[in-house]
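Examining the three-dimensional arrangement
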Amino acid sequence: MSNSRDVVVIGGGIAGLAVARGLLEAKRSVVVIEARERLGGRLHSSASQPPLDLGATWFWPGERRVTRLVAELGVATFDQYLGGDAVLHTDQDRQVVAGNPIDVPSYRFVNGASSLVEAVTATMPADVTRLGEPVTRVAIDASSNDGLVTVSTKRSTYTARHVVIALPPSLAQHAIAFEPPLPDQLDRLAAITPVWMGATTKVVASYATPFWRQAGLAGAAISYVGPLHEVHDMSGPHGNPAALFGFAPGVAGETAPGRGAVLRQLVAMFGSAAGKPIALDIHDWRAEPFTSPPDVERRAAYQLFGHPLFQQSAVGGRLHWASTETATESPGHIEGALQAAERTVNTLISTLDTEGSTIA
């Protein structure tokens, strides 16, 4: 297979896949290089059946891009459960808060967020994506309109007119050698931009039944005791499979919460039945080297999401940003990833039309 394309996309999450799909629809050649042996990035569901989300979970009313994509591809969704009361957990006591003020109307994927990834991937030829190839070097010849981008992995070398960074900027800045180096201001910006969910541990507890619903609870909780700071109902349609999930913010120098600490907290909030899950997944996104750079917890300037520099092509117009962190709308959401991809595709199509014919 030829390794020359109009565009090389680094990162096979939903943003990178959306870029590839948009370029293919415009009759441009593209390859997506993914470091993992799977696609989806932070859209990652468990191997259980039905799958439960270890990464992105929701999308929300008014998020038009993901709503349109789900409808176009026929991806099954359902409404987040909102019934019942919430729990407030402090070091003083546990209180039931009437009416669940924690959760808001949102949508979930019947077969996990990975089903959206699978649906998008199914619309593209198989040779568009390459798995298990961490990118180590990006060399850009910006000296003329005929200059090319060379993208290197330990296994292969790819050439293209343009490269799209569909990774969290701080991960790309840490893991990839750029030649020439990124411009100083852009390099500094990328290095300190937070990674959405990158410093978070997501805990998913599966049960035989949604016992909390039977007790009049929504499965939603806010805790000031920890390790989980918030909890939500992650059950499937009609409560099957039954599950709760929570977020534990990462603290620099501290490991992810252990099984015992998680179960003790769930019991304190939801009763003894919470201490007997069928399965307990503790997924520390800090331990994912293809999502999070070292010391990801120290990057907390979320106001940098959607920064103007990420909206611009760089290095002679050859390098483009397309992760959810670069979105100006709904950054951190699936919608944000799709908005960043849309912006990038529009820029690339316009530029490639000016440059002329495909190179592959």
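Placed above this text is the structure.
Residues numbered from 1 in each chain as written. Predicted model: local features only at pLDDT ≥ 70, side-chain atom pairs only at ≥ 80, totals over all residues. Heavy atoms only, no water.

**Focus on the nonpolar core**
Using the following cut-off: By convention a nonpolar core is built from buried Ala, Val, Leu, Ile, Met, Phe, Trp, Tyr and Cys residues, the set being connected through side-chain atoms within 4.5 Å. We call a residue buried when its accessible area falls under 20% of the maximum for its residue type, exposed when it is over 50%, and partly exposed in between, using a 1.4 Å probe and counting protein chains only. Counting from the N terminus, the helices are DSSP H or I runs at least four residues long and the strands are E runs at least two residues long. For this analysis, residues touch if any pair of their heavy atoms sits within 4.5 Å.
By size, the foremost hydrophobic cluster in this structure holds 37 residues, and its most contacted members are Val7, Val9, Val19, Leu43, Phe109, Leu116 and Ile334. Mapped by element, the contributors of at least two residues to this core are strand 1 (4-10), helix 1 (14-25), strand 2 (30-33), helix 2 (64-73), helix 3 (114-121) and helix 8 (334-355). If sequence neighbours within four positions are ignored, phenylalanine 109 has contacts with Thr57, Phe59, Val70, Val75, Ala76, Thr77, Phe78, Ser115, Leu116 and Ile334. Counting 29 residues, the second largest nonpolar core, distinct from the first, contains Ile176, Leu186, Leu189 and Ala190.

**Quick look at the packing of helix 2 against helix 8**
As a reminder, the rule being used: Axes here mean lines fitted to C-alpha atoms, for a helix over just the part in contact, with angles spanning 0 to 180 degrees between N-to-C directions. For classification purposes, angles smaller than 35 degrees are called roughly parallel, those larger than 145 roughly antiparallel, those between 65 and 115 roughly perpendicular, and all remaining angles oblique. Think of it as three bins: nonpolar holds Ala, Val, Leu, Ile, Met, Phe, Trp, Tyr, Cys and Pro, charged holds Asp, Glu, Lys and Arg, and polar takes everything else, Gly as well.
Packing of helix 2 against helix 8 brings their axes to within 8 Å, and their N-to-C directions diverge by 90 degrees. One element, helix 2, and the other, helix 8, form an angle in the roughly perpendicular class. Contacts between helix 2 and helix 8 involve Arg64, Arg65, Val66, Arg68 and Leu69 on the former and, on the latter, Ile334, Glu335, Leu338, Gln339 and Glu342. Here the residues of the contact of helix 2 with helix 8 sort into four nonpolar, one polar and five charged.

**Let's talk about helix 2**
Each α-helix turn comprises 3.6 residues. Residues three or four places apart therefore point the same way. Keep this limit in mind: By definition, the arc is the one covered by directions from the helix axis to the C-beta atoms.
Buried within helix 2 are the following residues: Arg65, Val66, Leu69 and Val70. When helix 2 is viewed along its axis, its buried side chains cluster within an angular range of 130 degrees and face the same direction. In the core, the buried residues of helix 2 are packed alongside helix 1, strand 3 (77-79), strand 6 (107-109), helix 3 and helix 8. Backbone geometry just after helix 2 places glycine 74 at a positive phi near 70 degrees.

**Focus: the pattern of salt bridges**
Using the following cut-off: For this document, the term salt bridge refers to a Lys or Arg side-chain nitrogen within 4 Å of an Asp or Glu carboxyl oxygen.
Under the definition given, this model contains 16 salt bridges. Here glutamate 335 ties to arginine 65 by a salt bridge, and the two come within 3.1 Å at their closest N and O atoms. Of this pair, glutamate 335 sits in helix 8 while arginine 65 sits in helix 2; the two residues are 270 residues apart in sequence, bridging distant segments of the chain. Each member of the pair, glutamate 335 together with arginine 65, is buried. A salt bridge links glutamate 342 to arginine 65, with the nearest nitrogen and oxygen atoms 3.2 Å apart. With glutamate 342 in helix 8 and arginine 65 in helix 2, this residue pair connects regions lying 277 residues apart in the sequence. Counted as one network, the salt bridges with shared partners bring together Arg65, Arg68, Glu329, Glu335 and Glu342.

**Things to note about the environment of arginine 28**
Just so we agree on the cut-off: In the analysis that follows, any N or O atom pair within 3.5 Å is treated as a polar contact, provided that within protein one partner can donate a hydrogen and the other can accept it, and provided that, for residues neighboring in sequence, both atoms belong to side chains.
Tracing the sequence through the fold places arginine 28 in the loop between helix 1 and strand 2. Distance in space between the C-alpha atoms of arginine 28 and leucine 352 is 8.5 Å, their sequence separation being 324 residues. Polar contacts involving the side chain of arginine 28 include one to the side chain of aspartate 353, which spans 3.1 Å.

**Some points on the packing of aromatic side chains**
Let me state the cut-off plainly: What counts as a ring pair is set by centres within 6.5 Å for rings of Phe, Tyr and Trp (its six-membered ring), and what kind of pair is set by the plane angle: stacked under 30 degrees, edge-to-face over 60, tilted for all other angles. Only when the NZ of Lys or the CZ of Arg is both within 6 Å of the ring centre and within 35 degrees of the ring normal is a charge said to sit over the ring.
For the structure shown, the criterion picks out twelve aromatic pairs. Between phenylalanine 59 and tyrosine 107 the ring centres are 5.2 Å apart and the planes differ by 45 degrees, which places this aromatic pair in the tilted class. Taken as a pair, phenylalanine 59 in the loop between strand 2 and helix 2 and tyrosine 107 in strand 6 lie far apart in primary sequence, 48 residues in all. We classify tyrosine 107 as partly exposed; its relative accessible area is 26%. A ring pair is formed by tyrosine 207 and phenylalanine 211, whose centres lie 5.1 Å apart and whose planes are at 85 degrees; its orientation type is edge-to-face. Classification of tyrosine 207 as buried rests on a relative accessible area of 5%. Members of the aromatic cluster, each reached through a chain of ring pairs, are Trp58, Trp60, Phe245 and Phe247. Note that lysine 202 overlies the ring of phenylalanine 245, its terminal NZ or CZ placed 4.4 Å from the centroid. Against the face of tyrosine 81 rests arginine 213, its NZ or CZ located 3.6 Å from the ring centre.

**Re the layout of surface pockets**
What counts is decided by this rule: As defined here, a cavity is a set of points on a 1 Å grid over the protein atoms alone where a 1.4 Å probe fits but cannot get out. A pocket is an open set with protein on both sides within 12 Å along at least five of seven lines, and residues line them when an atom is within 4 Å of a point. Grid points are joined across faces, edges and corners, and a volume is the space filled by probe spheres set on the points.
Taken as a whole, the second largest pocket spans an internal volume of roughly 350 Å³. Together, 14 residues line the second largest pocket, and Ala18, Arg21, Arg68, Leu69 and Glu342 are the ones closest to its centre. The greatest single-element share of the lining of the second largest pocket, amounting to five residues, is contributed by helix 8. When the residues that make up the lining of the second largest pocket are grouped by side-chain class, the tally is six nonpolar, two polar and six charged.

**Considering the pairing of strand 2**
Filter applied, for reference: Strands pair, by our definition, only if DSSP identifies at least two bridges between them. Handedness of a crossover is defined as follows: with both strands directed away from the viewer, a clockwise route from the first strand across the helix to the second makes it right-handed.
Where burial is concerned, the two faces of strand 2 agree: the one with Val30 and Val32 and the one with Val31 and Ile33 are both buried. Alignment of strand 1 against strand 2, held across four bridges, turns out to be parallel. From the neighbouring strand, valine 9 faces strand 2, where its bridge partner is valine 32. For the crossover from strand 1 across helix 1 to strand 2, the handedness is right-handed.

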